[in-house]
Amino acid sequence: MNTVSPWRAVWLIAKRELNTRLRTRSFVIGTAVLLVMLMGYVLLQSTLISNEDKSKIGLTGQTAGIAQQLQTAGAAVGEEIETVTVADPAQGRAQVENGDLDALLSGNATELKVLVKSELDNKLRALLTGVSQQEVLNGKLSEVVENPDQVLRTVSATQVQVDSIKPPDPEKAQRMVIGLIVAVLLYMSIVTYGTLVAQGVVEEKSSRVVEILLSTVRPWHLLLGKVIGLGLVGLTQLVIIGGAGLIVASATNVLTLSGVATGALLWGVVWYLLGFLLYAVLYGAMGSLVSRQEDTQSVIGPVNIVLILGFVVGFNLLAQSPEGTGTKILSLVPLLSPVLMPARIAAGTVEVWEIALSLGLTVGAIALFTWLGARIYQNSVLRVGSRIKLTDALKG
């Protein structure tokens, strides 16, 4: 006979899992490793961002005279050009080879020769070509007109008129990066802690601890308490990593969208909870079918395959076509919504009705899988020995 109310029993089991897991060395070390990896990634991105629009060019001989033109042309396209005069071409070549210079110019303004270590960046190629063409044009104009500068000003003032159906989103690139990161973090968290649920069920079953626990609580209390407890452990880790990532990314100017990033984290928390409830019940139910840890992977394999295939396909669609029909449809499928929908929300490619529909479908799927999972768990958790067939567990 139960000595405590159902929800108190669930909470006590969840609290036991939470206290036990948060104090384990694996949780502390795992969180620390993920934080170090995240910090390293953010710092790497910060370095790449600071260098991607900056070029250092060496000038030899007559090319020293176009230093100002290069800097002006670079500023026009958002490229910072640093020029240095190189007296000895051999020394300049050595600087290009060891990476101190991105390019070394020689020849003259109308016939530029460019030395690079491997290949010339397309943006820098277009800039240098434009400067050289401009010098050629100036020379030709000076041969046929008295005031070539006036002609050039008139030509430069001619621009096409552009009308947009909807204004461009200057935050689109960062939104997409945030969306993809959210998708990866949620996928990893659901797989990691879902697997822990299955392993915990098998451990209690093989050690016969479950028989003691079920003398005071019902099977669905035990399963739900374990799911909630481990879910809170995963959520704690997710918030720690996500919060630290936001702070470092903002401090290093990798992310400047504090509102978007914070919103993405909050939606990530919501969808993590839904996704974990959806999958963890299945992981726990499948784990109850076996009595040995070495058999765990064989029973949770189908669940992993669905999640992995859905993530890989959905991630590629999200990266290539975030507003495509395929991406929209997959993000509404309950088994994939917890990973794809928050990523689409962060990327700003989702309508309000899509969010509401996906939430409704996912909650409905959670209710269905909880009922099925509880039935499988109840009919299997006390049966030790060989692996139990799923059809037998459903029949009871």
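Residues numbered from 1 in each chain as written. Predicted model: local features only at pLDDT ≥ 70, side-chain atom pairs only at ≥ 80, totals over all residues. Heavy atoms only, no water.

1. Details of the overall build of the protein
Okay, so step 1: A tally of regular secondary structure across the protein gives 15 helices and four strands.
Okay, so step 2: With 396 residues in all, the protein has 41% of them scored as buried.
Okay, so step 3: Excluding contacts between residues fewer than 6 apart, the proportion of contacts in the protein whose partners are at least 24 apart in sequence is 74%.
Okay, so step 4: For the protein, the exposed area adds up to about 21400 Å²; of that, 61% sits on carbon and sulfur atoms. (Helix = DSSP H or I, 4+ residues; strand = E, 2+ residues; numbered from the N terminus. Buried < 20%, exposed > 50% of the residue type's maximum accessible area, 1.4 Å probe, protein only. Contact = heavy atoms within 4.5 Å. Areas by Shrake-Rupley, 256 points an atom, 1.4 Å probe, with all protein chains shown as cover.)

2. Remarks on the environment of phenylalanine 311
Okay, so step 1: Note that phenylalanine 311 resides in helix α11 (residues 296–320).
Okay, so step 2: For the pair phenylalanine 311 and tyrosine 187, spaced 124 residues apart in sequence, the C-alpha to C-alpha distance is 7.4 Å.
Okay, so step 3: Not counting residues up to four positions away in its chain, the partners in contact with phenylalanine 311 are Ala183, Val184, Tyr187, Leu336 and Val339.

3. A closer look at the UniProt feature "transmembrane region" (unreviewed entry) in the protein
Okay, so step 1: When the UniProt feature table is mapped to this numbering, "transmembrane region" (unreviewed entry) covers residues 26–44, 176–202, 222–247, 254–279, 299–318 and 355–377.
Okay, so step 2: In residues 299–318, the share of helix is 100% and the share of strand is 0%. The end C-alpha atoms are 30 Å apart.
Okay, so step 3: When the span residues 355–377 is considered, its composition is 100% helix and 0% strand, and the gap between its end C-alpha atoms is 32 Å. (UniProt positions renumbered as here; feature names shortened; annotations may be inferred.)

4. Considerations on helix α4 (residues 89–97)
Okay, so step 1: The backbone nitrogen of alanine 90 has a side-chain oxygen 3.1 Å away, supplied by the residue at the start of α4, namely aspartate 88.
Okay, so step 2: The first or second residue beyond α4 is glycine 99, which carries a positive phi of 90 degrees. (Polar contact = N/O pair within 3.5 Å; in protein donor to acceptor, adjacent residues only side chain to side chain.)

5. A look at a nonpolar patch on the surface
Okay, so step 1: A grouping of Ile29, Val33 and Met37 is seen on the molecular surface, where their side chains present a nonpolar patch of about 290 Å² in accessible area.
Okay, so step 2: Looking at the secondary structure, you find valine 33 in helix α2 (residues 25–52). (Patch = residues over 30% accessible without salt bridge, like charges linked within 9 Å, V, L, I, M, F, W, Y side chains within 5 Å. Salt bridge = Lys/Arg side-chain N within 4 Å of Asp/Glu carboxyl O.)

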